[in-house]
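Examination of the molecular architecture
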Amino acid sequence: MLLEIDGLASHYGRIQALDGISLTVQEGEMVALVGANGAGKTTLLRCLSGVQPVSGGRIRFDGTDITRAAPERRVSLGIAQVPEGRQVFGPMSVEDNLRLGAYRRQGGAVAADMARMYDLFPVLFKKRELPAGTLSGGQQQMLAIARALMSAPRLLLLDEPSMGLAPLLVEEIFQVVRSLRDQGVTIFLVEQNAHAALALADRAYVLETGSVVIQGAGQALLADERVKAAYLGL
Amino acid sequence: MAELLQYLFAGLTSGAIYALAGLGFAIIYNASHVINFAQGEFIMIGGMATATLTAAGVPLPAAALAAMALTMLVGVALEKFAIEPARDADVVTIIIITIGASIFLRGAAQLVWDKEFHALAPFSGEDPIRVLGATLMPQSLWVVGVAMAVIAGLWWFFNRTLFGKAMLATSFNRLAAQLMGIGVKKVLMVSFALSAALGAIGGIVVTPIAFTNYEAGIMLGLKGFSAAVLGGLGNGMGAVVGGLIVGVAEALGAGYVSSAYKDAIAFVIILFVLFFMPNGLFGKKGVDRV
Ligand SMILES: Nc1ncnc2c1ncn2[C@@H]1O[C@H](COP(=O)(O)OP(=O)(O)OP(=O)(O)O)[C@@H](O)[C@H]1O
Ligand SMILES: [Mg+2]
């Protein structure tokens, strides 16, 4: 098992945001996490990256307990996150953003990966010298994904990559996610766009106010009456 | 004309020192959003240590390096023992801690040294150079030259090295920097070491002109702060331009109005900027006010 979360809890002050979450992600799998606003999806990803205090439970990555590991250690182990709202380094060039994605790596492989990212996202190559902040929302999302891939991750965490994008761009982003999945990248995808996420995912979890309430195969959840009613607007 | 040139020489010399101090404020501000009011004490320690060591017979280059190392050690200790334990406190609390630290460092300097003024010989003699009727002291050239070299070195560090870029990235987006695996604790530590080194260098080159004592950091620190505020807090180029403007304004004010107002000019600039242009000359909009 690549990722094992067991009874995870997290608080903001006295507000409990996560209440005993248990879930797993296998190598090569694509797992989706859906849930309404404020369900705790972002909080869970922040806990996985080590930028949010854990108040109970355990996180294991490839057999190693990382519950209290520093964020940089987790990146070295192979956890990369594309955060909510993209969070590119706006005043810095596209190329610098990509290079910083590989901050914990050195050597020729970095340059090769940079070339690979430019192949994958030609628009980033065209704009490599420009400040990342001048890119459109969709392009910034591509950059955020490419930047995370630059760390050569074993697990890619995606937090609402389609948020705030026009429908055409949403489609494009999901194409990218699909092609990453087909290349064998292990993906944990958080989405409010439940339909698209469930259609792509091998397995999925539904989060409600800090707890997992439904889980199963992606296709099975698409057909689930409760999910249909609450998240698919059917 | 010769008079104006004379004032400009004086202004650019002190302006170069303020620019270095302003850069020190900017670097720490960028890493932590803290305004480090002990920046002036870094200048003082650099000057005092060099003056004492050379007086004891240590050659100037070795004394200067040792003084820089000592000041960087003080900077790192300040971060480790005063700032880091309070990192969950709000920024205003941490700024007050730095004011406390500056008072502590002045007290410590008084114990280690004394209350006397200490001098340092000019690096390459005292024969003035005549330029269009004005006189230029060789030490002024040292001050400006060293400041330019340091600024070029900083530019290279922040634009051409991966760690320098990581420090910049941390200032733009701390969360994203953490997610890239940038150790933000290390960034904070290095920012204090770097700012301390900048302060020490400024203190070393200015002491042959200005003398130094345990309190010498107060004014230099405040003027560096006004340089940083004028340029826009956290903007490196702004701190340099701000430093030069404060230095020249001060020299012109002292020359044409009255030297009694020399120190007041930096304060007038701070107040003017805070009231009328809180983002400074080059600062970005929406900086947190403290
Ligand atoms: N910085 C914070 N301080 C206090 N409470 C917070 C903070 N961030 C999130 N919360 C609370 O924690 C809970 C979970 O928030 P979280 O951001 O994880 O939800 P989410 O599922 O990602 O929502 P969204 O779909 O809007 O992104 C919410 O009740 C939210 O109000
Ligand atoms: Mg969220």
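All of these numbers come straight from a predicted model, not from anything done at the bench.

Looking at the interface of chain B and chain A
Interface size is commonly expressed as the accessible area that is lost once the parts come together. Contact residues are listed per partner, giving 17 residues for chain B and 20 residues for chain A. Approximately 1800 Å² of surface area, both sides summed, lies buried where chain B meets chain A, with 73% of it carried by carbon and sulfur atoms. Three residues, Leu162(B), Leu179(B) and Met180(B), lead the burial of chain B against chain A; their summed loss comes to 38% of the area buried on that side. Scanning the region where chain B abuts chain A turns up one salt bridge. Among the ionic pairs, Lys165(B) bridges to Asp96(A), the shortest N-O distance being 2.7 Å.

Section: the sheet that holds strand S1 (residues 3-12) of chain A
Residue and element names in this part refer to chain A. An order of S2-S1-S4-S5 is seen for the four strands of this open sheet, with the pairing classed as antiparallel. Edge positions in the open sheet fall to strand S2 (15-25) and strand S5 (64-65), since each of these has one partner strand only. Of the strand pairs in this sheet, S1 and strand S4 (residues 56-61) are connected by five bridges, and their pairing is antiparallel. Within S4, the residue paired with leucine 3 across the bridge is phenylalanine 61. Where helix H1 (residues 41-49) meets the sheet, it contacts S1, S2 and S4, and its direction lies at approximately 115 degrees from that of S1.

Regarding helix H7 (residues 167-182) of chain A
The end-to-end C-alpha separation of H7(A) is 22 Å, in line with the 22 Å expected for 16 residues at 1.5 Å each. At the C-terminal side of H7(A), Gly184(A) shows a positive phi close to 95 degrees.

Quick look at the packing of helix H2 (residues 39-55) of chain B against helix H3 (residues 60-83) of chain B
Residues and elements named next belong to chain B. Direction vectors running N to C along H2 and H3 enclose 145 degrees, while the axes themselves pass 8 Å from each other. Regarding H2 and H3, the two cross each other, and that crossing is right-handed. Contacts between H2 and H3 involve Phe42, Ile45, Gly46, Ala49, Thr50, Leu53 and Thr54 from the former and Leu60, Ala63, Ala64, Ala66, Ala67, Leu70, Thr71, Val74, Gly75 and Leu78 from the latter. Of the residues assigned to the contact of H2 with H3, the class counts are twelve nonpolar, five polar and no charged.

Notes on a nonpolar patch on the surface
Residues and elements named next belong to chain B. The grouping of Leu4, Tyr256, Val257 and Tyr261 at the surface amounts to a nonpolar patch, some 420 Å² of accessible area in total. Mapped onto the elements, valine 257 comes out in helix H10 (residues 236-257). Among the residues examined, valine 257 registers a relative accessible area of 60% and is labelled exposed.

Focus: the sheet that holds strand S7 (residues 155-159) of chain A
Residue and element names in this part refer to chain A. Reading across the sheet, the six strands line up as S6-S7-S8-S3-S9-S10 and stay open at both edges, with mixed pairing between neighbours. At either margin of the open sheet sits one strand with a lone partner, and together these are strand S6 (79-82) and strand S10 (211-217). The mean angle between the axes of side-by-side strands here comes to 15 degrees, regardless of whether they run parallel or antiparallel. As paired elements, strand S9 (residues 203-208) and S10 share six bridges and run antiparallel to each other. Residue pairing across strands places valine 206 opposite isoleucine 214, the latter belonging to S10. Helix H6 (residues 137-149) rests against S6 and S7 of the sheet, and its axis sits at about 175 degrees to S6.

Quick look at unusual backbone geometry
Despite not being glycine, Gln87(A) has its phi angle at roughly 55 degrees, a positive value. For Gln87(A), a relative accessible area of 25% translates into the label partly exposed. Its identity is not glycine, yet Leu132(B) carries a phi of approximately 50 degrees, on the positive side. Of note, Leu132(B) is situated in the loop between strand S1 (129-131) and strand S2 (134-136).

Parameters at a glance
Residues numbered from 1 in each chain as written. Chains lettered and ligands numbered in written order. Predicted model: local features only at pLDDT ≥ 70, side-chain atom pairs only at ≥ 80, totals over all residues. Heavy atoms only, no water. Contact = heavy atoms within 4.5 Å. Buried area = accessible area lost by both parts, 1.4 Å probe. Salt bridge = Lys/Arg side-chain N within 4 Å of Asp/Glu carboxyl O. Pairing = 2+ DSSP bridges. Helix = DSSP H or I, 4+ residues; strand = E, 2+ residues; numbered from the N terminus. Axes fitted to C-alpha atoms, helices over the stretch in contact; angles between N-to-C directions. Expected span 1.5 Å × (residues − 1). Left-handed = near helix turned anticlockwise from the far one by under 90°. Nonpolar A, V, L, I, M, F, W, Y, C, P; charged D, E, K, R; others polar. Patch = residues over 30% accessible without salt bridge, like charges linked within 9 Å, V, L, I, M, F, W, Y side chains within 5 Å. Areas by Shrake-Rupley, 256 points an atom, 1.4 Å probe, with all protein chains shown as cover. Buried < 20%, exposed > 50% of the residue type's maximum accessible area, 1.4 Å probe, protein only.

Don't take any of this as a statement about function, it's just geometry.
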